[in-house]
Amino acid sequence: MDANALKKAAAEAALAYVEDDTIVGVGTGSTVNFFIDALASRRARITATVASSEASAKRLRDLRIPVRELNDTDGCEVYVDGADEVTEHLAMVKGGGGALTREKIVAQASRKFVCIADASKLVGVLGRFPLPVEVIPMARSFVARELVKVGGMPELRQGVATDNGNLILDVRGLTILDPVELETRINQIPGVVTNGLFARRPADVLLLATPEGVKTYKRPR
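Residues numbered from 1 in each chain as written. Predicted model: local features only at pLDDT ≥ 70, side-chain atom pairs only at ≥ 80, totals over all residues. Heavy atoms only, no water.

Draft legend 1. Looking closely at the sheet that holds strand E4 (residues 85-86). Taken together, the 3 strands give an open sheet; going across it, the order is E4-E5-E11, and neighbouring strands pair in antiparallel fashion. Each edge of the open sheet carries a strand with a single partner, namely E4 and strand E11 (197-198). Relative to E11, strand E5 (residues 92-93) runs antiparallel, the two being bridged by 2 bridges. Among the inter-strand pairings, Val93 is bridged to a residue of E11, identified as Leu197. (Pairing = 2+ DSSP bridges. Helix = DSSP H or I, 4+ residues; strand = E, 2+ residues; numbered from the N terminus.)

Printed below as a string of structure tokens:
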């Protein structure tokens, strides 16, 4: 199976977690696009969706799937999103598509978080994928210096502004042995909006597509 076939398999497996008459949180990225396409078959059965990016909101609307603002809901029953890398403990690095802040908000506002990914995204230790950090523009240089102090090599993502009008620093060279601690530490730097570690609020379920089928990992309670 090629990468797209694996992404599609994981995305379609996530439909099992979409209940009738509920609000569904929808993430951002190539794997999530397959989920949006699959969700079109359920559009008459769900109440609405909440999108984590303008790109996802447009794709949903193009398929006539109703979209609401998060502020107009009391949260989502389930949130479905991908990952740039994920561990078996369901901590993740996200933000390759630049939507990490809105993704983190919708994930936190959802009662269940389902991560969909292909087998290439599973890692033993986070840090192979550069860690995205969304920063307020005036704080870019200061935040970059602070990120060096935590052992990273930050680089401005050129020509990119988030849906919130901010910048992204991609931090390379990290071996993230304690993702909860590092997520907290980076978020405490003034000027950081948030970072792409999803460890304080990890996924509840990981649907990992492999050539042998979709494997399910659940977060220990």
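Draft legend 2. Region of the structure containing the pairing of strand E6 (residues 113-118). Among the 6 residues that make up E6, 6 are buried, leaving the element largely enclosed by the rest of the structure. Burial along E6 is two-sided: the face carrying Phe113, Cys115 and Ala117 and the face carrying Val114, Ile116 and Asp118 are both buried. Sheet topology note: the strand E3 (residues 78-81)/E6 ladder contains 3 bridges and is parallel. Paired with Tyr79 across the strands is Phe113, a residue of E6. Of the strand pairs in this sheet, E6 and strand E12 (residues 205-210) are connected by 5 bridges, and their pairing is parallel. Directly across from Asp118, in E12, lies its bridge partner Ala209. (Buried < 20%, exposed > 50% of the residue type's maximum accessible area, 1.4 Å probe, protein only.)

Draft legend 3. Examining the side chain of Lys104 more closely. If you trace the backbone, Lys104 turns up in helix H4 (residues 100-108). Within polar-contact distance, the side chain of Lys104 engages the backbone oxygen of Leu197 at 2.8 Å. For Lys104, the residues in contact, after removing those within four places along its chain, are Glu183, Asn187, Thr194, Asn195, Leu197 and Phe198. (Polar contact = N/O pair within 3.5 Å; in protein donor to acceptor, adjacent residues only side chain to side chain. Contact = heavy atoms within 4.5 Å.)

Draft legend 4. Structural detail: the pairing of E3. Because side chains alternate across E3, one face comprises the buried residues Val78 and Val80, and the other comprises Tyr79 and Asp81, equally buried. As paired strands, strand E1 (residues 23-26) and E3 are joined by 3 bridges and run parallel to one another. In the sheet register, Val26 faces E3, and the bridge partner there is Val80.

Draft legend 5. Highlighting the packing of aromatic side chains. On inspection of all chains with the given rule, the structure shows 2 aromatic pairs. A centroid spacing of 6.5 Å and a plane angle of 65° characterise the contact between Phe113 and Phe198, whose relative ring orientation is edge-to-face. With a gap of 85 residues between them, Phe113 in strand E6 and Phe198 in strand E11 connect regions that are remote in the sequence. An identical accessibility class is assigned to Phe113 and Phe198; each is buried. Three or more aromatic residues link up through ring pairs in this structure, and these residues are Tyr79, Phe113 and Phe198. In this structure, Lys94 is placed above the aromatic ring of Phe198, and the distance from its NZ or CZ to the ring centre is 5.4 Å. Its guanidinium or amino end placed over the ring of Phe198, Lys104 lies 5.0 Å from that ring's centre, counting from NZ or CZ. (Phe/Tyr/Trp six-rings, centres within 6.5 Å; stacked < 30°, edge-to-face > 60°. Lys NZ or Arg CZ within 6 Å of the ring centre and 35° of its normal.)

Draft legend 6. Up close: the side chain of Glu85. Here Glu85 lies in strand E4. One buried charged residue, Glu85, forms no salt bridge at all, with the nearest opposite charge on Arg128 at 4.2 Å. From its side chain, Glu85 meets the backbone nitrogen of Arg128 in a polar contact 3.5 Å long. Within the structure, the side chain of Glu85 is placed 3.1 Å from the backbone nitrogen of Phe129, a separation counted as a polar contact. The residues touching Glu85, leaving out its near neighbours within four places in the chain, are Ala91, Met92, Val93, Lys121, Val123, Leu126, Gly127, Arg128 and Phe129. (Lys, Arg positive; Asp, Glu negative; His and termini not counted. Salt bridge = Lys/Arg side-chain N within 4 Å of Asp/Glu carboxyl O.)

Nothing here speaks to function; it is geometry throughout.
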